[in-house]
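The chain contents come next:
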Amino acid sequence: MNHLTPAEILSAMTKTGVVKAQSSFRKLFIMGIMAGAFISFAGAASTMGAFNLLAEPATFGLGRILCGAIFTGGLVMVTLAGAELFTGNTLIAIAVIDKRARLSSMLRNWLIVYIANFLGSLLVAWLIYNSGILGGGDGLMGAVTVKIAAGKVNMTFLQHLASGVLCNWLVCLAVWCAAGAPATAGKVLAVFFPIWLFATCGFEHCIANMYFISAGIFAAANEAFVSASGAASEALAALDFGGMFLRNLLPVTLGNIIGGLLMVACGYRFALKNK
């Protein structure tokens, strides 16, 4: 069986959006926790795999390339195992535009899944901290975790917004392409390259940031990690859960919605349908 055409993918995504909009609270909540956990596993592994490269300016680009390759495993698990990820669910908008699903049902899905994604991310971040693996590399893993988190809560609103748009543009393209692949191997490859691009560039993904910043907040309780991170005290001052939601997740989430809803959902819907 060949890869679906863009028009066929649009039809498949419309049907998927209808199902997602009608899903029960229990299903959305449990599978939302799973998705948050899957993305967090990928985030933890990407940092572990490249922390020594990320710590040095001369090898930072190589570290991002390695992080990107590892991080793809998160969306592969979401796609193949089945889970509810907020960023991918912005594509439900296709069904809403076609009047196959209600706007209120889409917003309900987003709210439940977003909260569940956060709980899954927070759980994995707490477990990662208490597992002791942040002490890897003589504490450099923990230091880089703190530095990453501090950087994420100290960008400007516009930087977060623009980066969020670029991120979910690619994430939803990965979901879109995977929907058109008939076989498992094809779905993995369809997911791999767009996610590799976004993670290598370091674009802002609200669910991934739920892990990265939470892990950084937990790691910041260790003075050795903080001192080795090299982060300025002003940057560390914003590293708390209030800073995570107001200074990062708010603008990044808005950007992710714009990237998925406008750039992919609306883009393909209005390009491929006359009405």
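See the structure above.
Description of the structure in this document. (Residues numbered from 1 in each chain as written. Predicted model: local features only at pLDDT ≥ 70, side-chain atom pairs only at ≥ 80, totals over all residues. Heavy atoms only, no water.)

## Quick notes on the overall build of the chain
Basically, it comes down to this: Only DSSP runs of H or I with at least four residues qualify as helices, and only runs of E with at least two residues qualify as strands; both kinds are numbered from the N terminus onward. Every radius of gyration here is taken over C-alpha atoms, with the globule rule written as 2.2 Å times N^0.38, N being the number of residues. Think of it in three bands: with a 1.4 Å probe and only protein chains considered, a residue is buried below 20% of the maximum accessible area for its type, exposed above 50%, and partly exposed in between.
From N to C terminus, the chain includes twelve helices and zero strands. Along the chain, helices (α) and strands (β) appear in the sequence α-α-α-α-α-α-α-α-α-α-α-α when read from the amino end. Its C-alpha atoms give the chain a radius of gyration of 18 Å, near enough to 19 Å, the size a compact globule of 275 residues would have. For the C-alpha atoms alone, the extent of the chain along its principal axes is close to 60 × 35 × 35 Å. Taking all 275 residues of the chain together, the buried fraction comes to 49%.

## Looking at unusual backbone geometry
The phi dihedral of Lys99 is positive, around 60°, even though this residue is not glycine. Looking at the secondary structure, you find Lys99 in the loop between α4 (93–97) and α5 (103–131). Positive phi values are uncommon outside glycine, yet Asp138 reaches one of about 55°. On the basis of relative accessible area, Asp138 is assigned to the exposed category, the value being 82%.

## Remarks on the packing of helix α2 (residues 25–54) against α5
Spelled out, the test is: To define axes, lines are fitted to C-alpha atoms, for helices over the stretch in contact only, and angles between the resulting N-to-C directions are given on a 0 to 180 degree scale. Our angle categories are set so that under 35 degrees counts as roughly parallel, over 145 as roughly antiparallel, 65 to 115 as roughly perpendicular, and the remainder as oblique. Crossing handedness: left-handed means the near helix sits turned counterclockwise from the far one by under a right angle, and right-handed means the same turn made clockwise. By definition, residues are in contact when any of their heavy atoms lie within 4.5 Å. Each residue gets one label: Ala, Val, Leu, Ile, Met, Phe, Trp, Tyr, Cys and Pro are nonpolar, Asp, Glu, Lys and Arg are charged, and the others, such as Gly, are polar.
Direction vectors running N to C along α2 and α5 enclose 45°, while the axes themselves pass 6 Å from each other. When the interaxial angle is binned, α2 and α5 end up oblique. As for how α2 packs across α5, the hand of that crossing is right-handed. On the side of α2, the interface is formed by Phe25, Leu28, Phe29, Gly32, Ile33, Ala35, Gly36, Ala37, Ser40, Phe41 and Ala44, while α5 contributes Arg108, Asn109, Ile112, Val113, Ala116, Asn117, Leu119, Gly120, Ser121, Val124 and Ile128. For the contact of α2 with α5, the class distribution of residues is 14 nonpolar, seven polar and one charged.

## Some thoughts on empty space enclosed by the protein
The condition is simple: Only protein atoms enter the 1 Å grid used here. Points where a 1.4 Å probe fits but cannot escape make up a cavity, open sets with protein on both sides within 12 Å along at least five of seven lines make up a pocket, and a residue lines them when an atom lies within 4 Å of a point. Grid points are joined across faces, edges and corners, and a volume is the space filled by probe spheres set on the points.
Going through the model one piece at a time under the given rule, you end up with two cavities of 30 Å³ or more. Each pocket or cavity is described by its volume, and for the largest cavity that value is around 50 Å³. Forming the boundary of the largest cavity are Ile39, Phe71, Leu75, Leu85, Val171, Ile195, Phe198 and His205. Among the secondary structure elements, those contributing two or more residues to the lining of the largest cavity are α3 (60–82) and α8 (184–201). Looking at the lining of the largest cavity, its residues break down into seven nonpolar, one polar and no charged. Empty space within the second largest cavity amounts to approximately 40 Å³. As for the second largest cavity, its lining consists of Thr47, Thr145, Ile148, Tyr211, Phe212 and Ala215. Broken down by secondary-structure element, the contributors of at least two residues to the lining of the second largest cavity are α6 (140–152) and α9 (206–219). Considering every element that reaches the lining of the second largest cavity, the biggest residue donor is α9, with three residues. Residues belonging to the lining of the second largest cavity are distributed by class as follows: four nonpolar, two polar and no charged.

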